[in-house]
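Tertiary structure, described
One letter stands for each residue in the lines below.
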Amino acid sequence: MGYRSNLEKALSERGFAVTVEIGPPKGCDPARIREKGEMLRGCADAFNVTDNQTAVVRMSSMAGCCILLGMGLEPVMQMSCRDRNRIALQSDVLGADAMGIRNILCVTGDHQCFGNHPGSKGVYDLDSVQLIKIIRDMRDKGVFQSGDEVSFGKPEFFIGAAANPFSDPCELMVDHLEKKVVAGAEFVQTQSVFNLDRFVSWMDEVCSRGLDKKVHILAGVTPLKSLKMAERMKFHVPGVDLPDDIFNRIKDSKDQMREGYEISLELIEQVKKIRGVHGLHITALFWESIIPSIVRESGIYHM
Amino acid sequence: MIITKQKELKDLLNRLNDKSVFIVGCSECATVCHTGGEKEVLAMKDVLQKKGVNIVGWVVLDPACNLNNDKRLLKKHIKELDAADKVLVLACGSGVQTVSEVLDKEVIAGIDTLFLGEIKRVNEFEKRCVTCGVCELDFFEDFCPVSRCPKSMLNGPCGGSVNGKCEVNKDMDCVWSEIFSHLKEKGRLHKLKCIVEPKDWSNSVCIDRRL
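The paragraphs below set out a description of the structure included in this document. (Residues numbered from 1 in each chain as written. Chains lettered and ligands numbered in written order. Predicted model: local features only at pLDDT ≥ 70, side-chain atom pairs only at ≥ 80, totals over all residues. Heavy atoms only, no water.)

1. Some thoughts on the overall build of chain A
So the rule is basically this: A run of H or I in DSSP becomes a helix once it reaches four residues, and a run of E becomes a strand once it reaches two; helices and strands are each numbered from the N terminus. The size measure is the radius of gyration over C-alpha atoms, and the globule rule it meets is 2.2 Å times the number of residues to the 0.38 power. Remark: exposure states derive from per-residue accessible area (1.4 Å probe, protein chains only) relative to the maximum for the residue type, with buried under 20%, exposed over 50%, and partly exposed in between. Residue contacts are defined here by distance: any two heavy atoms, one from each residue, within 4.5 Å place the two residues in contact.
If you tally the helices and strands in chain A, you get 11 helices and eight strands. A compact globule built from 303 residues would reach a C-alpha radius of gyration of about 19 Å, and chain A, at 18 Å, matches this within 12%. Each principal axis of the C-alpha atoms in chain A carries an extent, and together these give about 60 × 45 × 45 Å. Within chain A, the proportion of its 303 residues that are buried is 59%. Of the contacts made within chain A by residues no fewer than 6 positions apart, 77% connect residues no fewer than 24 positions apart.

2. Points about the sheet that holds strand 4 (residues 86–89) of chain B
Residue and element names in this part refer to chain B. Here is the rule we go by: When DSSP locates at least two bridges between a pair of strands, those strands are taken to pair. Axis lines are fitted through C-alpha atoms, for helices just across the contact stretch, and the angle between N-to-C directions can take any value from 0 to 180 degrees.
With parallel pairing, the four strands of this open sheet are ordered in space as 3-2-4-5. Pairing within the sheet leaves two strands with one partner each, and these edge strands are strand 3 (54–61) and strand 5 (106–109). Between one strand axis and the next, the sheet turns by 25° as a mean value, whatever way the strands run. Set on the sheet, helix 4 (residues 67–75) makes contact with strand 2 (20–26) and strand 3; between it and strand 3 the angle comes to about 140°.

3. Some words on the layout of surface pockets
The condition is simple: A pocket here means an open set of points on a 1 Å grid, computed over the protein atoms alone, that has protein on both sides within 12 Å along at least five of seven lines. A cavity is instead a set of points where a 1.4 Å probe fits but cannot get out; residues with an atom within 4 Å of a point line either one. Grid points are joined across faces, edges and corners, and a volume is the space filled by probe spheres set on the points. Ten residue types, Ala, Val, Leu, Ile, Met, Phe, Trp, Tyr, Cys and Pro, are classed as nonpolar, four, Asp, Glu, Lys and Arg, as charged, and the remainder, Gly among them, as polar.
Approximately 770 Å³ is the volume found for the second largest pocket. Residue lining of the second largest pocket: 30 residues in total, with Lys127, Val146, Ser147, Cys149 and Pro150 of chain B positioned closest to the centre. Those elements giving two or more residues to the lining of the second largest pocket turn out to be helix 4 (86–99) of chain A together with strand 7 (124–129), helix 7 (145–148) and helix 8 (175–186) of chain B. Of the residues contributing to the lining of the second largest pocket, the split by class is 11 nonpolar, six polar and 13 charged.

4. Here's the deal with empty space enclosed by the protein
Residue and element names in this part refer to chain B. The full count for this structure, using the stated rule, is three cavities of 30 Å³ or more. The computed volume of the largest cavity comes to approximately 130 Å³. As for the largest cavity, its lining consists of 16 residues, and the residues nearest its centre are Cys149, Pro150, Cys158, Cys166 and Cys174. By residue class, the composition of the lining of the largest cavity is 11 nonpolar, one polar and four charged.

5. A short note on helix 10 (residues 256–271) of chain A
Residue and element names in this part refer to chain A. Spelled out, the test is: Expected span of a helix: the number of residues minus one, times 1.5 Å.
For helix 10, which comprises 16 residues, the first-to-last C-alpha distance of 22 Å matches the rise-based estimate of 22 Å (1.5 Å per residue) to within 8%. Restricting attention to buried positions, one finds in helix 10 the residues Glu259, Gly260, Tyr261, Ile263, Ser264, Leu265, Leu267, Ile268 and Val271. Where the residues of helix 10 are buried, they touch helix 7 (196–208), strand 7 (216–221), helix 9 (244–252), strand 8 (277–282) and helix 11 (291–298).

6. Focus on the packing of helix 9 of chain A against helix 10 of chain A
Residue and element names in this part refer to chain A. What counts, and what does not: In what follows, roughly perpendicular refers to angles from 65 to 115 degrees, roughly parallel to angles under 35, roughly antiparallel to angles over 145, and oblique to any angle outside these ranges.
Following both chains from N to C, one finds helix 9 and helix 10 inclined at 150°, their axes separated by 8 Å at the closest point. Taken together, the axes of helix 9 and helix 10 are roughly antiparallel relative to one another. The residues of helix 10 that touch helix 9, namely those facing Ile246, Arg249, Ile250 and Lys251, are Gln256, Glu259, Gly260, Glu262, Ile263, Glu266 and Leu267. Taken together, the residues of the contact of helix 9 with helix 10 sort by class into four nonpolar, two polar and five charged.

7. A word on the pattern of salt bridges
What counts, and what does not: The rule for a salt bridge is simple: a side-chain nitrogen of Lys or Arg has to be within 4 Å of a carboxyl oxygen of Asp or Glu.
By the definition in use, this model includes 44 salt bridges over all chains. A salt bridge links lysine 151 of chain B to glutamate 167 of chain B, with the nearest nitrogen and oxygen atoms 3.2 Å apart. Taken together, the residues lysine 151 of chain B in the loop between helix 7 and helix 8 and glutamate 167 of chain B in the loop between helix 7 and helix 8 connect sequence positions 16 residues apart. Judged by relative accessible area, glutamate 167 of chain B falls into the buried class, the value being 6%. One connected set of salt bridges, linked through shared partners, spans Asp175, Glu178, Glu205 and Arg209 of chain A together with Lys193 of chain B.

8. Points about the environment of leucine 192 of chain B
Examined against the element boundaries, leucine 192 of chain B turns out to sit in the segment after helix 8. In this structure the C-alpha to C-alpha distance between leucine 192 of chain B and glycine 117 of chain B, which are 75 residues apart in sequence, comes to 25 Å. In contact with leucine 192 of chain B, other than residues within four places in its own chain, are Leu172, Asp175 and Lys179 of chain A together with Trp176, Phe180 and Leu183 of chain B.

9. A look at the packing of helix 6 (residues 170–183) of chain A against helix 8 of chain B
Following both chains from N to C, one finds helix 6 of chain A and helix 8 of chain B inclined at 100°, their axes separated by 11 Å at the closest point. In terms of axis orientation, helix 6 of chain A runs roughly perpendicular to helix 8 of chain B. Residues Glu171, Leu172 and Asp175 of chain A of helix 6 of chain A form the contact with helix 8 of chain B, whose participating residues are Trp176, Phe180 and Lys184 of chain B. For the contact of helix 6 of chain A with helix 8 of chain B, the residue count by class is three nonpolar, no polar and three charged.

10. Some remarks on the interface of chain B and chain A
The condition that has to hold: By convention, the term buried area covers the 1.4 Å-probe accessible surface removed from two parts as they join, with the contributions of both added. Polar contact is defined as a pair of N or O atoms within 3.5 Å, subject to the rule that within protein one atom must be able to donate a hydrogen and the other to accept it, and that residues adjacent in sequence are counted only when both atoms are side-chain atoms.
With 30 residues of chain B in contact, the opposing surface of chain A contributes 32 residues. Between chain B and chain A, roughly 2400 Å² of surface is buried when both sides are summed, and carbon and sulfur atoms account for 56% of that area. It is Lys151, Ile195 and Pro198 of chain B that lose the most area in chain B upon contact with chain A, and together they represent 23% of the buried surface on that side. Counting the contacts that link chain B with chain A gives three salt bridges. Lysine 133 of chain A is the partner of glutamate 197 of chain B in a salt bridge, and the nearest nitrogen-oxygen pair spans 3.3 Å. Applying the counting criterion to the chain B and chain A interface returns 15 residue pairs in polar contact (both at pLDDT 80 or more). Within the side of chain B that touches chain A, the residues separate by chemical class into 15 nonpolar, nine polar and six charged.

In structure tokens form, the structure reads like this:
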């Protein structure tokens, strides 16, 4: 069977895949992407390049993806609805396909008030559900959102979405995932899992609706590097649920990096066994150097 | 109603620049909002006079956004207006522009126009509308996500809300939590399954309307 990307192939044939996030630099030096790509080579099936995450201006996702392609690594291009309207987004979908990018992940985007240009005007012409459906229609029906026909090559993407199991109400968050699946999402990467109980109950609801059979779910994992980072995740990053017991383990530890590393290994061990989980998405938030050890020690990925 | 907020006094003083000033208020929204009624016009007059600004006169228009009313009411103040270098208007952006259309003077907007909103109780207003041009409130149980969600999400929440509050402002209810609670209570949760198509913004270029 023909797959659109290696990530699709891994999820479909192996039934388990690993993706890793690469944050592009706040500058234009391609070496920053190459260094991270080289360091993470052999650690994952595909590499997400974020799109101005937390509304901070960085090198564009498409450029980062092209640099990875040049190194023989498979990128997942993240696309946020915050900064571009439907014209620009669809244009970039065409451009990304032309450059050889085969995985795309649609997100609505962190609100601009959290970033380094809080006075900017958010676009939000589309939301993530609509963007997923538009890309799916461009691919499968060959039409743009307006109904106008795509000529000279339809984009061939393996289409992804994000999901947050920790926002409330839980039931509504599963409804939202279901909508993304109906819209056309084929894989889902979740918000970083720290609260296992809440993740399990969300997955139960996901499985009881049969959604795990319709979409590949990759659970998010984030190793905590320091107390400062744990504080940021616990108190300042919207949508993250970092329970007190994990927070206190970091706080009380003499070696916070070691503790953060151990916690992530424990979480991976638990999360990968949960019914319906088809893979892991590791987001190290600028601590990418720890990923090779995590992948090696947890045994989640073999070249 | 059009909800407004007074600009910072120091910004106004910078704009007025020690010139002779005529003050205009509005009898409608700005009065209810306590930003441009007679009381606020007189208070502004006192404050500016204390700062050394020469106030040559004032009027409260009924309302400021009505062109013919403005022509008629401002005519009565022609002498004071002649003596003014600048006109400070305590009305919404629409009112400011109507006044400016009538007068050949430098017109300064004294208040910021925030949104179309509900009067929740005295002195408390909440955003309800951004005049997007196509009303689809019935999709959302009459809670408007275009105006009340900072990301204008039409297909559900963004994943940043905690305990029913918006990630952008912890004092603000997440409109999707409200929609969800309402649908659940009314037994209409199935409505959430329908994918709402991208909005048609073509009406937003509409610049006039004639009956």
